[in-house]
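Residue strings, one per chain:
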Amino acid sequence: MTVASRQGGEAEQAQVPLSALEHYTYCPRQCGLILLEDSFADDAATVRGTLLHQRVDTPGNRGRGTVRTLHALPVWHDGHGLTGICDTVELHADGTVLPVEHKSGRYHPGGPADVQVAAQAMCLEYMFKQPVTTAAIYSGTDRRRHIVTVNEALRTRVLDATNAVRNLLSHNHTLPPPVADSRCRRCSMATDCMPKLLAGTHRYQQALHDLYLLDDTQDIDE
Amino acid sequence: MTTELLNTLYVQTQGTDLRLEQDTLRIHLPDTPGRRTLPLRRLDGIVVYGHINLSTELITRCAQDKRPVTWMSRGGRYLARLDGAARSNVLLRHAQHQRHDDTGARLGIARNLVAGKIRNSRWILLRAARDAAPARREHARKAAEDLAAAIDKLSAAESIDVVMGIEGQAARNYFAALPHILSTATDLPPFTHRNRRPPTDPVNAALSFTYGLLRSLVHGALEQVGLDPYLGFLHGLRPGKPALALDLMEEFRPVLADRFVLTQFNRRQLRASHFDHLSGGAVSLTEDGRKELIGAWQEWKTQTWEHPIAGREVPAGLLPVVQARILARHLRGELPGYLPWTAS
């Protein structure tokens with residue numbers, strides 16, 4: 001991939017989409033398939049997510065008491081090369097900025113969504129020039145907000161994932177290997193990814209070899 | 001949406017008008033009153049033959065939903081296809097070009113494609129031989145032996161030209177045996193060998209038409225996976241020739257197309273009355289014949305087949321997509337070779 005250079009000759013780093021951080025944290029290969037192979041497959045869960053997001057994806061701001069609510073807000077962080085869109089950002093009267101990420105499924109503490117919303121918090125810090133140490137994930141399943149503390153450990157996870165995704169995008173175009181575990185059963189991209197087939201290398205090799213062998217005892221019926 | 005096998009709408013009544021009405025497709029047949037609509041989400045593709053009108057709204061909606069629209073000539077020749085915004089899987093296409101330039105890699109893929117085709121041709125002959133009368137059985141088994149020898153020779157083929165030569169000879173042996181598989185009590189003029197451009201007997205006419213249906217299926221599978229249908233490994237490059245679609249068709253021709261056609265004749269679904277004999281000798285399907293064949297094809301696509309390496313049953317209509325994915329994984333260096341689908 002060509003890296004655009006600035007006037008000073010300093011190479012600009014590839015921008016990493018916030019959503020890719022979540023995908024990468026869930027499964028590096030899923031992220032690779034989306035970014036490198038331009039493949040995305042919908043299933044019931046992703047369609048449910050899309051429908052849920054229709055409510056929050058209309059840009060604009062709405063007031064609710066002392067809280068100003070912004071929807072579909074573009075955010076970025078030039079230092080880390082992050083860019084994306086926040087479902088909801090709340091601006092409280094006391095000056096607090098709170099990103100709220102909407103998820104249709106259940107909330108898994110410490111899961112990929114935490115990384116995504118923490119990255120949003122870091123972008124908002126950069127844009128509003130003030131600390132954002134708390135973020136929230138709204139789960140469509142239990143219709144509840146779950147508070148995420150944006151601490152150092154989580155920030156490190158964000159930066160590690162950012163570097164890994166950037167590496168995938170700009171240098172290393174090889175797809176990460178499939179995880180081939182229980183995650184695949186719930187993954188909408190499993191048919192495209194073919195985790196089982198890729199994991200069974202020996203069986204595949206054998207089948208390639210057998211292509212030129214004919215076993216006639218099976219074919220001719222007695 | 002395309003991973004699920006939905007219905008394909010085939011329209012061949014000349015002068016039909018198709019338009020978009022909300023989320024449904026409105027069909028207006030000439031000279032036939034009445035309101036006909038189909039929900040769009042039940043359709044995974046639209047194939048039109050000859051003079052059919054599609055409204056711009058309908059075409060753009062299909063492009064948006066990645067629901068392909070395929071245009072065929074009235075007689076069933078492939079003309080064009082609309083797939084919506086092109087898949088921008090440039091890394092896969094780049095890998096496809098790189099593999100094409102690598103003689104060894106190209107030979108490996110071409111050889112396996114042909115091995116798959118010959119294995120499947122042989123499978124058909126052996127299956128048919130089981131139920132055939134002794135004299136016919138001998139013919140079929142003899143041809144199957146020739147094909148076995150071809151597979152043996154193929155494993156040592158060291159150039160694409162040699163692979164092509166083996167493929168050609170195997171195809172001649174195979175088609176020479178096909179008449180012995182056709183049911184005897186038939187009112188059809190004899191089928192002796194494969195011919196096309198134009199076909200001169202009903203069996204060849206039905207084969208040609210079915211190859212058109214199969215080609216649009218395979219071409220679509222390649223587009224869906226993000227491969228370039230025009231850059232083939234076995235078939236040479238020529239402008240306007242979808243060489244990779246022709247490549248990937250090879251392994252499916254015997255089982256998905258030839259066997260389908262034989263079944264239609266053997267079951268008397270297709271009869272002499274379904275064919276027009278044009279002056280000069282060309283033979284083509286009548287509108288009724290095409291309707292019969294397309295209806296049966298639609299059903300045939302839902303029949304499932306064992307996919308040995310995927311370890312599951314796959315509907316015929318989705319086999320090309322599965323194989324296109326396996327090819328893509330090989331081209332991206334994730335699988336050590338291309339493994340064709342073989343019937344069992």
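For clarity, every value in this text was computed on a predicted model and none was experimentally measured. (Residues numbered from 1 in each chain as written. Chains lettered and ligands numbered in written order. Predicted model: local features only at pLDDT ≥ 70, side-chain atom pairs only at ≥ 80, totals over all residues. Heavy atoms only, no water.)

Let's talk about the UniProt feature "binding site: Mn(2+)" (unreviewed entry) in chain B
Residues and elements named next belong to chain B.
- The feature "binding site: Mn(2+)" (unreviewed entry), as given by UniProt, occupies Glu167, His235 and Glu250 in the numbering adopted here. Considering the C-alpha atoms alone, the annotated residues occupy 84 residues of sequence yet fold into one spot, their largest mutual distance being 11.6 Å.
- Mapping Glu167 onto the fold places it in helix α5 (residues 160–177).
- When its relative accessible area of 12% is taken as the criterion, Glu167 is described as buried.
- In this structure, Glu167 is in contact with Val114, Lys117 and Glu250, ignoring residues within four places of it in sequence. (UniProt positions renumbered as here; feature names shortened; annotations may be inferred. Helix = DSSP H or I, 4+ residues; strand = E, 2+ residues; numbered from the N terminus. Buried < 20%, exposed > 50% of the residue type's maximum accessible area, 1.4 Å probe, protein only. Contact = heavy atoms within 4.5 Å.)

Digging into the packing of aromatic side chains
Residues and elements named next belong to chain B.
- Counted under the stated rule, the structure contains nine aromatic pairs over all chains.
- Here Phe265 and Phe275 contribute two aromatic rings whose centre-to-centre distance is 5.9 Å and whose plane-to-plane angle is 15°, an arrangement assigned as stacked. One end of the pair, Phe265, is in helix α8 (residues 253–266); the other, Phe275, is in strand β9 (residues 275–277), and 10 residues separate them in sequence. No difference in accessibility class separates Phe265 from Phe275, as the two residues are buried. (Phe/Tyr/Trp six-rings, centres within 6.5 Å; stacked < 30°, edge-to-face > 60°.)

Brief notes about the packing of helix α1 (residues 18–26) of chain A against helix α5 (residues 152–170) of chain A
All names here are of chain A.
- Relative orientation of the contacting elements α1 and α5 amounts to 95°, with a least axis distance of 9 Å. Between α1 and α5, the interaxial angle falls into the category roughly perpendicular. Contacts between α1 and α5 pair Ala20, Leu21, Tyr24 and Thr25 from the former with Arg157, Val158, Ala161, Thr162, Ala164, Val165 and Leu168 from the latter.
- Here the residues of the contact of α1 with α5 sort into eight nonpolar, two polar and one charged. (Axes fitted to C-alpha atoms, helices over the stretch in contact; angles between N-to-C directions. Parallel < 35°, antiparallel > 145°, perpendicular 65-115°, else oblique. Nonpolar A, V, L, I, M, F, W, Y, C, P; charged D, E, K, R; others polar.)

Thoughts on unusual backbone geometry
Residue and element names in this part refer to chain A.
- Residue Lys129 is not a glycine yet carries a positive backbone phi of 55°.
- Structurally, Lys129 can be placed in the loop between α4 (112–128) and β6 (134–139).
- Its identity is not glycine, yet Arg143 carries a phi of approximately 50°, on the positive side.
- By secondary structure assignment, the location of Arg143 is in the loop between β6 and β7 (144–149).
- The exposure class assigned to Arg143 is exposed, which follows from its relative accessible area of 68%.

A short note on the interface of chain A and chain B
- Facing the 30 residues of chain A at the interface are 33 residues of chain B.
- Together chain A and chain B conceal approximately 3,000 Å² of surface at their shared face, both sides included; 56% is due to carbon and sulfur atoms.
- Considering only the side of chain A, the residues that lose the most area to chain B are Tyr204, Leu211 and Tyr212 of chain A, jointly responsible for 25% of the buried surface there.
- Viewed at the interface, chain B and chain A are joined by three salt bridges.
- Across the pair Glu37 of chain A and Arg332 of chain B runs a salt bridge whose closest N-O atoms are separated by 2.6 Å.
- Run the count over chain A and chain B and you get 13 residue pairs in polar contact (both at pLDDT 80 or more).
- Going through the elements one at a time, α2 (28–36), α6 (190–193), α7 (195–199), α8 (201–210) and α9 (216–219) of chain A are the ones with two or more residues in the side of chain A that touches chain B.
- Tallied by class, the residues present in the side of chain A that touches chain B amount to 16 nonpolar, five polar and nine charged. (Buried area = accessible area lost by both parts, 1.4 Å probe. Salt bridge = Lys/Arg side-chain N within 4 Å of Asp/Glu carboxyl O. Polar contact = N/O pair within 3.5 Å; in protein donor to acceptor, adjacent residues only side chain to side chain.)

Quick word on empty space enclosed by the protein
Residues and elements named next belong to chain A.
- Under the definition given, this model contains two cavities of 30 Å³ or more.
- Roughly 90 Å³ of internal volume is contained in the second largest cavity.
- Lining of the second largest cavity is provided by 13 residues; of these, Cys27, Gln30, Cys184, Cys187 and Cys193 occupy positions nearest its centre.
- Listing elements by their share of the lining of the second largest cavity, those giving two or more residues are α2 and α6.
- Taken together, the residues that form the lining of the second largest cavity break down as 11 nonpolar, one polar and one charged. (1 Å grid on protein atoms, 1.4 Å probe; cavity = no way out; pocket = protein on both sides within 12 Å on 5 of 7 lines; lining within 4 Å. Points joined across faces, edges and corners; volume = space filled by probe spheres on them.)

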